[in-house]
Structure formats: C-alpha cells, structure tokens
Amino acid sequence: MEDSRENSLESGSSVPGPEESSRVPEVLPSKVSESCAQPLEATPKKLCGYLSKFGGKGPIRGWKSRWFFYDEKKCHLYYSRTAQDANPLDSIDLSTAVFDYKADAEEGTFEIKIRNRVITLKAATKQVMLYWLQQLQMKRWEFHNSPPAPPAAPAASLTGNTPALHLELEPEEAELEEFLCPVKMPTGLVGVAAALHPGTPIPSALQNISLKHLGTEIQNTMYNICGNKQAQGIGHGLPVEDSSQSGGPQREEQPSSPDPSAPGKEPADSPKPTPKSSLTANLIQKAKRQSNTFPLFPEGLTRHRTSQEKVVALEQQVLMLTKDLKSQKELVKILHKALEAAQQEKRASSAYLMAAGDKDRLELVRHKVRQIAELSRQVEALEQERASLAQTASLWEQQAQELQQQVQELQQQVQLLMDKNQVKQQIICKLCDKVTQDFMNPSSHSPLPPDAASRDFLSQQEKMEQLKDDMEAYRTQNRFLNSEIHQVTKIWRKVAEKEKALLMKCAYLQAKSCQVESKYLAGLRRLQEAMGDEASKCSELLRQLIQEALQWEASESAADSVRLSPISEYDEYGFLTVPDYEVEDLKLLAKIQVLEVRSHHLLAHEERPLRERWAALGELAPSTELKQLLRAGVPREHRPRVWRWLVHLRVQHLQVPGHYQKLLSRGQACEHPAARQIELDLNRTFPNNKHFTCPTSNFPDKLRRVLLAFSWQNPTIGYCQGLNRLAAIALLILEEEESAFWCLVAIVETILPSDYYSKTLTASQVDQRVLQDLLSEKMPRLMAHLGQHHVDLSLITFNWFLVVFADSLISDILLRVWDAFLYEGTKVVFRYALAIFKYNEEEILRLQDGLEIYQYLRFFTKTIGNSRKLMSIAFNDMNPFRMKQLQQLRTAHRERLEAELRELERLKAEYLETQAFRGRAVPEGCGSEDEGEGEVEA
C-alpha cells in the first residue's frame, strides 16, 4: 500500500517529505525588510484549504474532510487528512483533468475527472466551489502555457516567478471573464488562513481516517505526537533547539491564540500561552521546524530572514555556478577531443596513401574497422534516443485523445443542459401566462376564501422564486462549462502541436540514423572491394559485420513498438522497398539503397511549402507555375486529380461517353488475336508489386480488360510488350479502369510518336540514336570511356524509353518523372535519361571492365534515392535542352534508319528472288523423302 503511494508521488522539491511535517506554510526568504513587515493578506496567495472528499468503502463510505494544496511545479493537487500532516495521502494530476459540476447536485459539490477516475469534492458554500473551480482552471492553463522554468534556488524561483506568471495569465483571465465573472477569494475558507480553522466536522473520527493509505496515516500521527510534546515543552518555557535545515538556534516565542477577525496574524505582545492557544503554538512551532525550501506554501506566519539563511542561499547559488562552469569545461574538452580525432583521421588517410608495404596498409584498414565499430555504437545511441522520443510522442498522443474524449463528453452535457433549460423556460412562460390570466380574469374562477387565496398566491410566489434560482444556477453552470470547453480545447491544440513537433524531431533523428547506417554499410562495402582476399581473418570479420548489418532491419522492427518511419516492406503504391537481388554481393547494396530512400522519406516534411502550394492551387490550367510544380512532383493526395486533368487535356478530342464499355463488349463477343499474349504478360507485370502478385487482388483483372480494350481501340498496334507496364502504372494511381485506359491512349497515341510500338519499333530505335548523340554532347568523357570498353548503351536504355522507366526507377522518383512527362512529353524522358547517367557518372568511370560495367548498368538506376538531386540535374544541369534540336536529330536519324531498313528490304527481296529462281532441286547423291516413303509402302 505504501509502495503504490510512494510511486504515485514522485520525489522532488515540490513533494513534501518526512522532514516537512506541517502543512502550515512559511514565508520564503525573499526581501528581508519587506517580508518582516508584510501582513498575511499582502503575501502571494496560494491555493489551499479544506474540502470534503467522497470516498471509502462499505459502512465508512461517505464524505471525508481533507486538506488540499496545489503544487505549481507538477500541476498536482495533493491532499492530506489535516493541514499538520507530514505526508500527503495522495495527489490528483490536473494537467489532464476536466472539471464539472451539476446544478441539481448538492450545494458546493463538483467533480474532477482524470482518466478512468472521477473525484467528487464538496466545498462549504457555492462561492467557495466556484472559486476552487476557477483557480484550478487557471492553474491548469498556467502549467500548459508557461515554458519550463530553469533550475534555480527554490526560494528565488518561487518568489521571482509569481508576478511573471500572473502577467502571462492576464489574457486567459480576460477570456474567462467572457464566460464567468471572477469569484473573490472567500475569507478564512481558502488559503493559508484556512489551516488555522478546523475542517468540516465528521460524525465519527474513524470515518475520516483513510484505510487505503493506512501507512501514511500512522506516520503522520506519530509525527504529530512528537511535535505536540516539543510544543508543550516550549510552552512551559523550556529551551528547544531548532531542527530546521538552517541549523541556527531557535528563538523562544510565546504565541497566543489568533484573533478571529484577522486569522493568521499574531499580536506583538502576548502573555504565556493558555490552553486555548495550545493548537496555535503547536502549529507555529512546527512551521519553524520545517525547511525554508518547502515549495508548496510561500505564505504563512512572518519571521525575519537570518544571516545564516542568506549564507545558505548564496552557497546554493555558488554551487549552481560551479556546476555550470564544470559543464562548460567538459564541453571544451569534448570539442578538443573532436578536433584531435579529425586531425588523427587526416593523418591516418595521408599515412595510408604514403604506406609502402601491404602490412602497413592492412594495419590502417584494421584501424578503420575499429572506427567503424565506434560509428556503430553511435548508431545504437541514436536509436535509443529515437525510441525514447517515440515513447514520449505516444504518451502525448494518448493525452490528446483523452482530452478530446473529455471535450466531447462535456459538449454532450452542455447540449443536454441547454435542452433542459429551454424546456424549463417554456414551463415558466406558461406559468406566467396562466398567472396573468388568473389576475386579469378573476371572475372566471370560483371565488376562494381570503386565506386560501393568499396561501395560493404565496405558494405560487415561492415556486417562482425557486424557478428563478434554478435558472440562475443553470446559467452559472452553462457559463462555467463553456469556459471549461474553451480552455480544454486550447490545451488539446497545444498538446497536438507539441506532439507534432516531437514527431518531426523523431523523424529527423531517425533520418540521421539511417544516413549514418548507410555510410557505415558503404564503408563496409568499399573495404570489402579494396581488400579482396589479402587476409582471410579480416575478410571473415568483414563478412560477419556485413551479415549482422543485413540482419539489423529485422531486429529493429521487432524491438520497436512504435514505428514512426513511413517506409515498410512495401511503399504506399505496393512496390517492394528493398529490391530482391538474387546475387549475394548485391544484398548489401540493396540495404544501402533502402536506408537512403528511408532517410529521404523521413525528411519529407521539408516539402511542406510545396504541399501548401498544391493545396492553394485552385482550378488547373496550363501555366509556367504549374509546369514548375509538376517538375517538383505532385503530392500523393493530389496526384489522381492532376493526372485525370492531364489525360483529359491530351485526349479530350478522342473521348466519347460509353466508348470504353463498347470496346469491352466487343472483346467479349469476339476474342482478339493478342488476347493470348496479354494473358501471358499479366503474370510478368511488376513481380515486385503486391497488387499484381497477390492472388486476391483485382488489379490483374482490371489490367486485362484495359489491355484488351486498347487492342480493339488501336488495331494497328494491337498489343506490344511494354504496354502492360504503362497501363499498370496508370491503374495504381487512377484506380478506375476507364481512366487508366484513356491514360494509355494518351501516352501511345498523343505523347509518343505514332510508330513507337509498331512491329519495327522505328521511332524507339530513332530515340536511342538521339540519346547517343546527346550523351556525346553533354558527357563526352563518359561516352569515350564506354566506347573504349565497347559498351552498347541501347541494350540498357531501350527499355527505359519503351516503358517510361517503369522497371528502372524506384516508385517515388518514377511517379515524379511521369508527373512532368504527362504534361511536357517525351523531352522529359531524354532529360531524365541524361540525368541518370550524370548522377552515376563517377561510379561508371571508376569501372575498368566491360562485363563489370554491364553488370552495374543493370541495376544502377535502383540505387538512386535522392529525387531532388536527380530533378535538379535533369532540369538545370542539362540545359540548354531545346525541343527544336531534338526534332532535328530525330529527323536526321529517322532518314538514316529508314534508308538502312530499305537496304535491308532490298537485300531480303534479292535473296528471295534468287531462292525462287534456283528452285528446290535435290542435289545428286541425296535421297528425297518421297523415295523413302515409297520403299516402305512397297
């Protein structure tokens, strides 16, 4: 029982400890001259007082008198049985609490609701109740609105912060005045003066004891007994030394009973204490024994600030400054260490370059491996920090949800009260009309005796007064509930903003962690390539490190209960985030790629201005601004709408209502010759996308119908391999079959040249030759390197143009390419093809073998994760890129290609003519098939 109580009350300066026995507050040692002369009413007012709390079980269930006091630092409302108890029984967390009271309940009763618990309290009067409710609202708002205070001495922090907090809360007080007028502090019932008055009388002493916190009750009782004995000794004139933290001798005082008209004040001259004033003497003596750093009550019985207390305060300040100086020295040491580490790394790099023997280089490589291990420890530390931030964010999210539920409950209660109030007003109006009619037409009723008429009039008047009181009570309740809803809503918004900030910070840290891990894996890969088979031990160590790095993802996903990363096994369009490479050596490269993609996704909040521009964009219309926005990429939520508009812009002269359904009906009536090839290609469409590989998905059926409809739409082409991927991308974004069909029509019939998908693929071959010329112009060094190793780029790039990079780029970059491609046309494909080679130019130039270059070119497009860098290269570094030049190159190469095709056709015709002229004569000595068959029959 005591353990649960101790867990609920966190240790700190704001929680009373065993040494702080009394709840009678002390004056904090602020300004000595002012504190000595200030009366009790002039000190800053603290929220404390006696309230009745409803609780208990069985026969002792009922109202219990409790002393409540508020802790500003933790926003907790503590309560104990009396003001003199050393330890509180329990506390109420007001930071997530909601306050309520019912007009038809017992006078002075109100409720505090926190998480699955409702605390019912009762004040002495309605005025005291309203004062407590308003003050609790203000304290809760103060806690949520004020920034965290820097660590300082308790006395200085409390006395210095009180006026500042009051100034900060002035706008909130002005807002609350619009709902409910501020209630004045009830004299003697709330505040420090209430500690000198007994609480609400309880019929039985046992009923007031808390059996739930029996251990705390026993501790408080024993402490009070010891305090009474010491107080009695002082009352008989025996000198007693003070046991406070100051350690100074205690002066002998002879307090007298307080004046009822001015509670809390003591007369200057008083005789020896009488039995009637023993309680007051006991309270004052306990207050003096308490620590001066008791944070809950800065007000109380006034006393001078001694020189010893000044010394203690100065020592605390010196201690704080010493700690600050020590931290600054540690920071300087850390900076020196970082500078020294950078210099050592520079020296190590120069030593590696200048090393003559393999042993020296091997030793340097081992040193680098040790540095990589240090980086891995830093990664683990970042992951731990991310996990703690994620846990904090989840707690804020839970609090926000709870506050939202409480707001909804309060809104429902307000609505019910308003309905009830309206019904009562209607009843009052009817009664008023009836009374008016009775007075206007007294003759219509039978005459009553004078006594009966007066009694009836008095009863009606009493009912009217009661109804007016009820109306006033409901009005007050309504105003309070409105203020509560207003403040809880504002607190909920602040919590949501804090949660969003924490999530952004957590995403940023996780992105940095992914970048560090990516650099770590890249370092492992380069070490693996550089070492080869030089040393078996180091090679074994590298293989072990690589295997552990590849298994990190599974362990992280199992350990983290909160996943803040937007990247999972599949992306938002169903594509695999980690490429499934069959070659063992490429799995490490795949892990590096997914880490880079994840870091870019986590930093996607930097694109917020772009999203705001898209959200502010109204009706779409061709413009330079729209062109720039499309090049930067369309946000996912706007992409379907934008693509439908772009497709309609291309095919509006071809679209006819019901045309797609007619094509489907035609396909059902007669099977198209390309139907078999379409069926074969369905299972080969995007094997890395779950929408086309899942047996229960309806995307393959949609894709079949779209391709069959297009084969009837364009009989010249019918179906060509590659169209299935174009239609699949359109289906993933637009989802509707008819929209995907018209998107395919727009690409094949309006954007790309007419013979792009013909049997000879003439236009596709022309574009490959155009690309070769552009590469020679923009990147001559790369083309010379590829020519030296006899690398034919068309083997790689032909598929890029045929399916508009559908099989090459990751989905995020691919869709950005399509955003600009649907608006600007094929020039975008050339721009991005050049940008891809520019992006990886240095890596290709580093390779010195033709087979190795071909192997790298097969998958190097999947290693591109920085969409912003690629877009900048495509639309900035590749300039000037004129469409006129592109058309001229296309025309020139088309003429050459058509001449070559005509020459091939001529040679083919000559060959066929020669074969026909020679006939099918059988050379001498060779048997014919007919002769063999004749012999068998014979």
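Residues numbered from 1 in each chain as written. Predicted model: local features only at pLDDT ≥ 70, side-chain atom pairs only at ≥ 80, totals over all residues. Heavy atoms only, no water.

**Description of the overall build of the chain**
Within the chain, the secondary structure is distributed over 33 helices and seven strands. The burial tally for the chain puts 43% of its 938 residues in the buried class. Look at the contacts in the chain between residues 6 or more apart in sequence, and 73% of them connect residues 24 or more apart. Total accessible area on the chain is roughly 52,100 Å²; 54% of this is exposed by carbon and sulfur atoms. (Helix = DSSP H or I, 4+ residues; strand = E, 2+ residues; numbered from the N terminus. Buried < 20%, exposed > 50% of the residue type's maximum accessible area, 1.4 Å probe, protein only. Contact = heavy atoms within 4.5 Å. Areas by Shrake-Rupley, 256 points an atom, 1.4 Å probe, with all protein chains shown as cover.)

**A short note on unusual backbone geometry**
Cis geometry is adopted by the peptide bond preceding Pro880, which originates at Asn879 and carries an omega value of 0 degrees. With respect to the secondary-structure elements, Pro880 resides in the loop between helix H31 (867-877) and helix H32 (883-918). With phi around 55 degrees, Cys75 is a residue other than glycine that occupies positive phi space. By relative accessible area, Cys75 is classed as buried at 0%.

**Here's the deal with the packing of aromatic side chains**
Scanning the entire structure with this criterion turns up 21 aromatic pairs. Geometrically, the ring pair formed by Tyr101 and Phe480 is tilted, given 5.6 Å between the ring centres and 50 degrees between the ring planes. Placement of the pair is Tyr101 in the loop between strand E5 (98-100) and strand E6 (109-114) and Phe480 in helix H11 (residues 450-531), with a sequence separation of 379 residues. Exposure class is identical for Tyr101 and Phe480. Each is buried. For the ring pair Tyr660 and Phe741, a centre distance of 5.2 Å and an interplane angle of 45 degrees mean the geometry is tilted. Residue Tyr660 is located in helix H18 (residues 659-669), and its partner Phe741 is located in helix H23 (residues 737-751); the two are separated by 81 residues in the primary sequence. (Phe/Tyr/Trp six-rings, centres within 6.5 Å; stacked < 30°, edge-to-face > 60°.)

**A short note on the side chain of His672**
Structurally, His672 is set in the loop between H18 and helix H19 (675-682). Among the polar contacts made by the side chain of His672, one reaches the main-chain amide nitrogen of Ala674 at a distance of 3.0 Å. Contacts of His672, omitting those with residues within four sequence positions, involve Ser711, Trp712 and Gly718. (Polar contact = N/O pair within 3.5 Å; in protein donor to acceptor, adjacent residues only side chain to side chain.)

**A short note on the pairing of E6**
Counted residue by residue, E6 has six buried out of six residues, so it is predominantly covered. Of the two faces of E6, both are covered, the one formed by Thr109, Glu111 and Lys113 as well as the one formed by Phe110, Ile112 and Ile114. Where E5 and E6 come together, three bridges link them in antiparallel fashion. Bridged to Asp100 within E6 is Glu111. Examined bridge by bridge, E6 and strand E7 (residues 117-122) share six bridges and lie antiparallel to one another. The residue of E7 that forms the bridge with Ile112 is Ile119. Linking two consecutive strands that pair antiparallel, namely E6 and E7, is a turn of two residues; a positive phi of about 45 degrees is found at Arg115 within it. (Pairing = 2+ DSSP bridges.)

**Details of the side chain of His76**
Note that His76 resides in strand E3 (residues 76-80). Looking at His76, the relative accessible area reads 15%, which means it is buried. A polar contact is formed between the side chain of His76 and the side chain of Ser91, at a distance of 3.4 Å. Excluding residues within four positions of it along the chain, His76 makes contact with Phe69, Tyr70, Asp71, Ser91, Ile92 and Asp93.

**Focus on the confidence of the model for the chain**
With 68% of its residues at a pLDDT of 70 or more, the chain shows a mean pLDDT of 75. Low pLDDT, under 50, characterises residues 234-281; the stretch is placed with 58 contacts to residues that sit more than four places away or in other chains. This model gives residues 283-303 a pLDDT under 50, and the stretch forms 92 contacts once residues within four places in sequence are excluded. (pLDDT = per-residue confidence, 0-100.)

**Here's the deal with helix H3 (residues 126-145)**
What sets the pattern is the α-helix's 3.6 residues per turn: residues three or four places apart point alike. In this model, H3 (20 residues) spans 28 Å end to end at C-alpha, consistent with the 28 Å of a helix rising 1.5 Å per residue. Burial analysis of H3 places 15 of its 20 residues in the buried class, which makes it a mostly covered element. (Expected span 1.5 Å × (residues − 1).)

**Quick look at the sheet that holds E5**
Judged by pairing direction, the sheet is antiparallel, and its seven strands sit side by side in the order E4-E3-E2-E1-E7-E6-E5 without closing on themselves. In this open sheet, the two strands that pair with only one neighbour each are strand E4 (90-93) and E5. Sheet twist, expressed as the mean angle between neighbouring strand axes with direction ignored, is 35 degrees. Bridge analysis of strand E1 (residues 48-55) against E7 gives two bridges, and the strand direction is antiparallel. Within E7, the residue paired with Ser52 across the bridge is Lys122. Most of the contacts of helix H10 (residues 358-440) go to E5, to which it runs at about 15 degrees, and overall it touches E5 and E6. (Axes fitted to C-alpha atoms, helices over the stretch in contact; angles between N-to-C directions.)

**Quick look at the pattern of salt bridges**
Evaluation of the coordinates by the stated rule reveals 31 salt bridges. Note that Glu472 and Arg479 form a salt bridge whose closest N and O atoms lie 3.9 Å from each other. Residue classification places Glu472 among the partly exposed positions, given a relative accessible area of 40%. A salt bridge links Glu841 to Lys838; the shortest N-O distance between them is 3.3 Å. Among the residues examined, Glu841 registers a relative accessible area of 6% and is labelled buried. By sharing partners, the salt bridges in this structure join Asp100, Lys102, Glu111 and Lys113 into a single network. (Salt bridge = Lys/Arg side-chain N within 4 Å of Asp/Glu carboxyl O.)

**Some thoughts on the nonpolar core**
In terms of nonpolar packing, the biggest core is built from 117 residues, with Leu723, Tyr757, Phe805 and Phe837 touching the most fellow members. Residue contacts for Tyr757: discarding those within four places in its chain leaves Ile717, Cys720, Leu723, Leu726, Val748, Leu752 and Leu802. Core analysis: the next-biggest nonpolar cluster, separate from the first, contains 43 residues, Met129, Trp132, Leu410 and Leu417 among them. (Core = buried A, V, L, I, M, F, W, Y, C linked by side-chain atoms within 4.5 Å.)

**As for the packing of H19 against helix H21 (residues 699-713)**
Each packed pair of helices is defined by two parameters, the angle between the axes and the distance between the axes. In contact at an axis separation of 10 Å, H19 and H21 are set at 150 degrees when each is read in the N-to-C sense. The orientation of H19 relative to H21 falls into the category roughly antiparallel. The two elements H19 and H21 cross, and the hand of that crossing is right-handed. Residues Ala675, Ile678, Glu679 and Leu682 of H19 form the contact with H21, whose own contacting residues are Pro700, Leu703, Arg704, Leu707 and Leu708. Residue composition of the contact of H19 with H21, by class: seven nonpolar, no polar and two charged. (Parallel < 35°, antiparallel > 145°, perpendicular 65-115°, else oblique. Left-handed = near helix turned anticlockwise from the far one by under 90°. Nonpolar A, V, L, I, M, F, W, Y, C, P; charged D, E, K, R; others polar.)

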